[in-house]
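An overview of the molecular structure
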Amino acid sequence: MTDISAHYQEITLDQQLALHTAATRLADEFDDIYSTETIERFLHTSYDQFATAASIPNYLPLLAERFARQRLRALARVEGHHRDGRPVVLFLCTHNAGRSQMALGFFTHLAGDHAIAWSGGSEPGIEINPSAIAAMAERGIDISEEFPKPWTDEVVRAADVVVTMGCGDACPVFPGTRYENWDIDDPAGLNVADVRPIRDEIERRIRRLLDDLHVPATR
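The name given to the protein in an unreviewed UniProt entry is Protein-tyrosine-phosphatase, and the organism recorded there is Micromonospora rhizosphaerae.

Observations regarding the environment of D211
Assignment of secondary structure puts D211 in helix α7 (residues 192-212). Overall, D211 belongs to the exposed group, its relative accessible area being 59%. For the pair D211 and A27, spaced 184 residues apart in the sequence, the C-alpha separation amounts to 37 Å.

What about the packing of aromatic side chains?
Going through the model one piece at a time under the given rule, you end up with four aromatic pairs. Relative to F67, the ring of F50 has its centre 5.6 Å away and its plane inclined at 70°; by these criteria the two rings are edge-to-face. With F50 in helix α2 (residues 36-51) and F67 in helix α3 (residues 60-78), this residue pair connects regions lying 17 residues apart in the sequence. Per residue, the accessibility class of F50 equals that of F67, and both read buried. Considering the side-chain rings of F91 and W182, the 6.1 Å spacing of their centres and the 55° angle between planes classify their relative orientation as tilted.

Examining helix α4 (residues 99-111)
Here α4 spans 18 Å end to end across 13 residues, near enough to the 18 Å set by a 1.5 Å rise per residue. Of all the 13 residues making up α4, eleven are buried; the element is thus mostly covered by neighbouring parts of the structure. The inward-facing, buried residues of α4 abut β1 (88-93), β2 (116-121), α5 (130-137), β3 (161-165) and α7. Looking one or two places after α4, you find G112, whose phi comes out positive at around 60°.

Parameters and conventions
Residues numbered from 1 in each chain as written. Predicted model: local features only at pLDDT ≥ 70, side-chain atom pairs only at ≥ 80, totals over all residues. Heavy atoms only, no water. Helix = DSSP H or I, 4+ residues; strand = E, 2+ residues; numbered from the N terminus. Buried < 20%, exposed > 50% of the residue type's maximum accessible area, 1.4 Å probe, protein only. Phe/Tyr/Trp six-rings, centres within 6.5 Å; stacked < 30°, edge-to-face > 60°. Expected span 1.5 Å × (residues − 1). Contact = heavy atoms within 4.5 Å.

Here it is, written out as structure tokens:
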């Protein structure tokens, strides 16, 4: 395995150790599909995506590992290494901090293991909207561990359905992918009471989407 620390000159020893550990875990998971160099490249670029924006540096290696894992799984689907028949839905908005995170929360909660969902933003924010977290918690869905992240080509290409919510021309378009645009208010800056109608509208749309995909809602 190559020297990850050489790629990062201004990180702490703890972060370097965490990145080495993350690279080892990812290699164990994907070594039958991708080379060590590919795995580390995805980890490096995922780290770079968050390094300039993350407010808690100690979380950077964990965020990088989670994002790299998602991207590698998406690439494996695009390249035909992993196809299990489950539909993949990608939810996109501008900051990936409110609407797309609530949609991801509802979809994952209701679809269970019958489908896969990801989310992303054209201009990812720093943290998940606290009012969105609180509104979803009222429905028993915890999105507090999620994090704003960008979309990447392999993630979009792996999706069977891309749902856009307010990212406009910045949203990626790939031929052969099904797109839906949901005109839903942005919860940014709103209190919990004002987010609830947005949350409920997202839930209604998610249930309709699951029905359209022939995915049974588990709740």
